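Remarks on the overall topology
Now for the letters of each chain:
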Amino acid sequence: IHIGEVDFNDNEAVTSVFQNAEQECLDLPYEVNTTITTDGKVWRTSGEAGYVNPLDIPVDLTGAYSYHNHPAEKTHYSLSAEDVRYFFEARQAVSKASDPWFEYQMTRTTETLDVDKDWAFSRFHEIRRTEVRYLAFQGLIDPDFDEYHATMMILSKELKFRYERKA
């Protein structure tokens, strides 16, 4: 649903919208996405316990900024393969998420590769099953806590987008 408007070029205003969305949604048992499109419209989409699909927003999402919560019971302490697929499918500029412990963000750069959404989704899982599993086997990461984070670190380097996780 369309819930408001903001000056898309005003970083403080955009940040404020996302801070409010995080405060409203962080403790919910289901995901909620707040998207700001380049025309300044603010959209809200509700999902399920571990998934939200904002592709129903009836405008072009290229260059949009989005935030969604990860419920504590469904978090992997990072962004997921579904989040990566949506980032590439919607051609977002910024995708942010949080759970009770961390905030995560993917940011498109001028060097970000333009890859197929399903390829990006599959590549996430391939990295997780191979390189990240090896890191866990070597005792270099805690797989329960850092599996998705390590996957995102590797994938972001490959596809040339910025990724960060912060407490």
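The present account deals with the structure reproduced in this document. (Residues numbered from 1 in each chain as written. Predicted model: local features only at pLDDT ≥ 70, side-chain atom pairs only at ≥ 80, totals over all residues. Heavy atoms only, no water.)

Looking only at helices and strands, the protein features four helices and seven strands. The order of α-helices and β-strands along the protein, N terminus first, is β-α-β-β-β-α-β-β-α-α-β. For the C-alpha atoms alone, the extent of the protein along its principal axes is close to 50 × 35 × 25 Å. The long-range share in the protein, meaning contacts at least 24 apart out of those at least 6 apart in sequence, stands at 62%. As presented, the protein carries roughly 8700 Å² of accessible surface, and 47% of it is formed by carbon and sulfur atoms. Distance between charge centroids for the protein: 5 Å, based on 17 positive and 30 negative side chains. (Helix = DSSP H or I, 4+ residues; strand = E, 2+ residues; numbered from the N terminus. Contact = heavy atoms within 4.5 Å. Areas by Shrake-Rupley, 256 points an atom, 1.4 Å probe, with all protein chains shown as cover. Lys, Arg positive; Asp, Glu negative; His and termini not counted. Charge placed at Lys NZ, Arg CZ, Asp CG, Glu CD.)

Here we come to the packing of helix α3 (residues 117-137) against helix α4 (residues 143-159). Remark: α3 packs on α4, axes separated minimally by 8 Å, with the N-to-C direction vectors making an angle of 125°. One way to sum up the angle between α3 and α4 is to call them oblique. Between α3 and α4 lies a crossing of right-handed hand. Taking contact as the criterion, the partners of Trp119, Ala120, Arg123, Phe124, Ile127, Arg128, Glu131, Val132, Leu135 and Ala136 in α3 are, on α4, Pro143, Glu147, Tyr148, Ala150, Thr151, Met152, Ile154, Leu155, Glu158 and Leu159. Tallied by class, residues from the contact of α3 with α4 come to 14 nonpolar, one polar and five charged. (Axes fitted to C-alpha atoms, helices over the stretch in contact; angles between N-to-C directions. Parallel < 35°, antiparallel > 145°, perpendicular 65-115°, else oblique. Left-handed = near helix turned anticlockwise from the far one by under 90°. Nonpolar A, V, L, I, M, F, W, Y, C, P; charged D, E, K, R; others polar.)

A word on unusual backbone geometry. The phi torsion at Tyr77 lies on the positive side, around 60°, for a residue other than glycine. Position of Tyr77 among the secondary structure elements: in the loop between β4 (65-69) and α2 (81-90). At Lys160, a position not held by glycine, the phi torsion is positive, near 60°. Position of Lys160 among the secondary structure elements: in the loop between α4 and β7 (162-166).

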